[in-house]
Amino acid sequence: MGFGSEMNGCGQFVKYGMFVSNFVIFVGGITVFVIGIWTLIDKSFINELLGTNLFMGAVYILIATGALVTLVSFFGCLGAIKEIKCMLLTYFIMVLIILVVMLVGGILGYVFREKVRYSMEQEMYSSIKSYNEKKSLRRAWDDTQENLHCCGVTSFTDWRGVIPDSCCRDLAGKKLPCKSFQSDGNIYTDGCLRAAEVFVKDHASVIGGAAITVSCLMIFGLIFAFILFKVI
């Protein structure tokens with residue numbers, strides 16, 4: 001099951017080229033997985049206000065494929081070193097499937113990036129009316145306003161009544177209720193629509209960019225796997 005004489009030239013290059021490319025893919029898979037988990041845990045507070053599951057759907061896809069890429073690339077390294085034809089064939093099929101799925105996840109991230117403002121604006125104006133009725137929306141608004149330092153959709157006047165405490169700045173290390181002030185001096189003046197749009201677009205770019213970069217690297221893994229399979 002060795003390369004014989006071919007191992008002295010092109011075979012050696014292909015073998016170690018596949019090993020190196022899979023090691024890079026392994027690191028890339030871990031990176032995509034970590035970015036996905038980070039987004040899911042630390043940045044999901046805004047999900048209720050997005051008006052679509054497209055963004056978080058892309059995150060879930062990339063978490064799953066990132067984990068699979070890490071596992072499969074490990075077997076790709078093993079298959080290259082051990083020169084196991086069956087493992088190389090399995091690797092090729094798995095990587096091809098993962099490549100398609102990861103590209104879909106990356107494209108979804110970029111597609112959502114372009115339509116985020118419209119869907120979010122509709123959802124924000126709709127959900128702000130249910131702030132006092134639904135706990136999940138109240139938490140989403142409070143977390144968004146506190147994390148992004150914003151208030152309302154376009155300004156604090158969107159609340160049309162008692163402004164939530166999450167709209168207030170910290171003054172002298174203390175967060176005082178907005179309703180205790182007659183002026184807006186301690187209220188965030190920026191609306192959450194613009195702040196959330198920038199926030200989500202930036203994260204969608206990171207997620208989509210990571211997915212597409214790793215997908216391009218995986219193409220090299222496929223090429224090396226195919227050549228190595230033919231040479232063995």
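Small disclaimer: the values here were computed from a predicted structure and weren't measured.

## Overview of the state of the cysteines
Link 1 in the chain: What the rule picks out here adds up to two disulfides.
Link 2 in the chain: Sulfur-sulfur distance for the disulfide between Cys 151 and Cys 167 comes to 2.0 Å. Given an S-S torsion of about 90°, the disulfide between Cys 151 and Cys 167 has right-handed geometry. Placement of the pair is Cys 151 in the loop between α4 (135-148) and α5 (192-231) and Cys 167 in the loop between α4 and α5, with a sequence separation of 16 residues.
Link 3 in the chain: Under the relative-accessibility criterion, Cys 151 is labelled buried at 0%.

## Things to note about the packing of aromatic side chains
Link 1 in the chain: Inspection of the entire model under this criterion finds two aromatic pairs.
Link 2 in the chain: Between Tyr 131 and Trp 159, the aromatic rings sit 4.9 Å apart at their centres with planes inclined by 75°, giving edge-to-face as the arrangement. On the criterion of sequence distance, the pair formed by Tyr 131 in the loop between α3 (85-127) and α4 and Trp 159 in the loop between α4 and α5 is long-range, its members being 28 residues apart. For the residue pair Tyr 131 and Trp 159, the accessibility class agrees, reading buried in each case.
Link 3 in the chain: Cluster of aromatic residues (ring-pair linked, three or more members): Tyr 131, Trp 141 and Trp 159.

## What to know about the nonpolar core
Link 1 in the chain: One finds Met 18, Val 69, Tyr 91, Met 102 and Met 218 to be the most contacted residues of the largest nonpolar core, which totals 27 residues.
Link 2 in the chain: Where this core is concerned, the elements lending two or more residues are α1 (10-42), α2 (54-82), α3 and α5.
Link 3 in the chain: Here this core takes nine residues from α5, the largest share from any one element.
Link 4 in the chain: One finds Cys 150, Ala 196, Phe 199 and Val 200 within the second-largest nonpolar core, a separate group that totals 24 residues.

What counts, and where the lines are drawn
- Residues numbered from 1 in each chain as written.
- Predicted model: local features only at pLDDT ≥ 70, side-chain atom pairs only at ≥ 80, totals over all residues.
- Heavy atoms only, no water.
- Disulfide = S-S within 2.5 Å.
- Helix = DSSP H or I, 4+ residues; strand = E, 2+ residues; numbered from the N terminus.
- Buried < 20%, exposed > 50% of the residue type's maximum accessible area, 1.4 Å probe, protein only.
- Phe/Tyr/Trp six-rings, centres within 6.5 Å; stacked < 30°, edge-to-face > 60°.
- Core = buried A, V, L, I, M, F, W, Y, C linked by side-chain atoms within 4.5 Å.

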